[in-house]
Amino acid sequence: MWVEQSIFREDMEYISGVDFIPWEDLRESTILITGATGLIGFNLVSALAYIVLYKKIPLHILALVRDEEKARERFCELLKEEPPISFIIGDMEHIPSIQEPVDYIIHGGSPTASRYFAEHPVETIQCNLIGAMSLLTLAREKKSKGFIYLSSMEVYGSLHRQEKVDENHETFIDTMNVRNSYPEAKRMVEALCAGFAGEYSVPAKVVRLTQTFGVGIRSDDSRVFAQFARAALRGEDIILLTDGGTSYSYLYTADAVTAIFVILLCGGVGEAYNVANEQSYCSIREMAELVATMDATERLGYGVVNVYVKESEDAKKLYPPKRYIDLDTQKLRKLGWNAKYPLEEMFHRMMEVHRGDFC
């Protein structure tokens, strides 16, 4: 998939055309991206390649990947255009030496599956901390112009009342719950970013992303939005393993990319920014019902889709307790950013592109 796919091309054209990102600041820069084959990493790499190939702003992309063959498969259509991408083979615990200058670092490499956090809490913490320390040290040594860490709304922990959550909101995380290895590691890396900014003048910034989805999602993604889309396109009922009361905001991939770049180039050093589409705030149950009844489901799917709740004890170990995280994005919007895509359109665009993958 590259720009011959109309929706993906629209995404790339929108990203490259927004007036609140000073793209010229990246001219002749080298940008390192970790987690490059993940959903957000894929879109970040694609957007930078589009900037080079179609907007004629020269830059060099370094993509940290574990498996070069799989990375080349992931970016196979893009690579036919011969973009300025170099693959660096390694992982968060074994980042190879980089000899060339690195002007910007976007660090998005991390496990993302709830089951993995619950079953491998030690590895989750280890991967996050070692990787971040190595990359922040690299940014210091290279005197990088910008460093972005892709954190998570989960750093706010378990919030049990409906309220807006800004970047100064108090947090609570039960450190003795092994599934919380993920948010606790994210919090520690945020502290490292603040520390490197304050002590070593590394221009580190933190992006607290809500759940993000859209074009580029993998067919085997286990997160709820992917499960709902697959079920709808197959004409299967959506089965919730909890009561679906947990409520979040969501975000489309193209909106996440524009937010990351405007923070990278215009955000305050040592600052954290919430990133979400505030208009998309809803419960998991409400999101499932939206997918089951939306026009795209009827048009692309193969039958009537219903939503059922089948709570289980195993699910309590995999998913955090019911909570409400309604992110306040006022701080980010002051940089000129706004979310473009509402929740139903997020699903429509993702399902339209990935219909063949999910069915």
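Note that the coordinates shown come from a computational prediction; the quantities given were computed from them, not determined experimentally.

Enquirer: It is not clear to me how the packing of helix H6 (residues 121-142) against helix H7 (residues 181-200) should be interpreted in this structure. Could you clarify?
Expert: Axis angle and axis distance: for two packed helices, these are the angle between their axes and the distance between the axes, and together they describe the pair. Remark: H6 packs on H7, axes separated minimally by 9 Å, with the N-to-C direction vectors making an angle of 15°. With respect to H7, the axis of H6 lies roughly parallel. At the point where H6 passes H7, the crossing takes the right-handed sense. Between H6 and H7, the contacting residues are Pro121, Thr124, Ile125, Asn128, Leu129, Ala132, Met133, Leu136, Thr137 and Arg140 on the first element and Ser181, Tyr182, Ala185, Lys186, Met188, Val189, Leu192, Cys193, Phe196 and Tyr200 on the second. Classifying every residue of the contact of H6 with H7 gives 14 nonpolar, four polar and two charged.

Enquirer: What's the story with the environment of Val215 in this structure? I'm lost.
Expert: Mapped onto the secondary structure, Val215 falls in the loop between strand S8 (211-213) and helix H8 (224-234). With 24 residues separating them along the chain, Val215 and Ala191 place their C-alpha atoms 32 Å apart.

Enquirer: I keep staring at the pattern of salt bridges and nothing clicks. Help me out?
Expert: Between side chains of opposite charge, a pair can form as their charged atoms come close. This structure, assessed with the given rule, holds 21 salt bridges. Glu119 is paired through a salt bridge with Arg115; the nearest N and O atoms lie 3.4 Å apart. Separated by four residues within a single helix, Glu119 and Arg115 lie in helix H5 (residues 114-119), roughly one turn from each other. For Arg115, a relative accessible area of 48% corresponds to the partly exposed category. For Glu278, the salt bridge identified is with Arg333, shortest N-O distance 3.1 Å. Taken together, the residues span a long stretch of sequence, with Glu278 in strand S12 (residues 277-283) and Arg333 in helix H13 (residues 330-333) at a distance of 55 residues. With a relative accessible area of 17%, Glu278 lands in the buried category. The class for Arg333 is partly exposed, based on a relative accessible area of 35%. Counted as one network, the salt bridges with shared partners bring together Glu10, Asp11, Glu345 and Arg349.

Enquirer: Which parts of the structure should I look at to understand the nonpolar core?
Expert: The nonpolar side chains of a soluble globular protein tend to be buried, and buried together. Among the nonpolar cores identified, the biggest contains 98 residues, and Ile106, Ile238, Phe261 and Phe347 are the most heavily contacted of them. If one sorts the elements of this core by residue count, helix H2 (residues 39-55) sits on top with twelve residues. Apart from residues no more than four positions distant in its own chain, Phe261 is found in contact with Ile21, Trp23, Leu26, Leu44, Leu48 and Ile106.

Enquirer: Looking at this structure, I do not really get the packing of aromatic side chains. What am I missing?
Expert: The description of an aromatic ring pair uses the distance of the two centres, along with the angle that the planes make with each other. For the structure shown, the criterion picks out 13 aromatic pairs. Aromatic pair Tyr50 and Tyr54: ring centres 4.6 Å apart, planes at 20°, arrangement stacked. Taken as a pair, Tyr50 and Tyr54 lie in helix H2 at a separation of four residues, close to a single helical turn. Residue class for Tyr50 comes out buried when judged on its relative accessible area of 1%. Here Tyr54 falls in the partly exposed class, since its relative accessible area comes to 30%. Between the aromatic rings of Phe213 and Phe347, the centroid separation amounts to 4.6 Å while the plane-to-plane angle is 45°, which identifies the pairing as tilted.

Enquirer: What should I look at first to understand the sheet that holds strand S7 (residues 204-209) in this one?
Expert: Within a sheet, each strand pairs with its neighbour through backbone hydrogen bonds, oriented either parallel or antiparallel. Taking strand neighbours across the sheet as the criterion, the seven strands line up as S3-S2-S1-S4-S5-S7-S11 in an open arrangement whose pairing is parallel. One side of each edge strand has no neighbouring strand; the edge strands of this open sheet are strand S3 (85-89) and strand S11 (272-275). Put simply, the sheet's adjacent strands are angled 20° from each other on average, direction ignored. The pairing of strand S2 (residues 60-65) with S3 spans five bridges and is parallel. Note on S3: the bridge partner recorded for Leu64 is Ile88. This element, H2, spans strand S1 (30-34), S2, S3, strand S4 (104-107), strand S5 (146-152) and S7 of the sheet and lies at about 160° to S1. The strands that helix H9 (residues 253-266) touches are S4, S5, S7 and S11; relative to S7, the one it contacts most, it runs at about 160°.

Criteria and cut-off values
Residues numbered from 1 in each chain as written. Predicted model: local features only at pLDDT ≥ 70, side-chain atom pairs only at ≥ 80, totals over all residues. Heavy atoms only, no water. Axes fitted to C-alpha atoms, helices over the stretch in contact; angles between N-to-C directions. Helix = DSSP H or I, 4+ residues; strand = E, 2+ residues; numbered from the N terminus. Parallel < 35°, antiparallel > 145°, perpendicular 65-115°, else oblique. Left-handed = near helix turned anticlockwise from the far one by under 90°. Contact = heavy atoms within 4.5 Å. Nonpolar A, V, L, I, M, F, W, Y, C, P; charged D, E, K, R; others polar. Salt bridge = Lys/Arg side-chain N within 4 Å of Asp/Glu carboxyl O. Buried < 20%, exposed > 50% of the residue type's maximum accessible area, 1.4 Å probe, protein only. Core = buried A, V, L, I, M, F, W, Y, C linked by side-chain atoms within 4.5 Å. Phe/Tyr/Trp six-rings, centres within 6.5 Å; stacked < 30°, edge-to-face > 60°. Pairing = 2+ DSSP bridges.

By themselves, these are just geometric observations and shouldn't be taken as functional.
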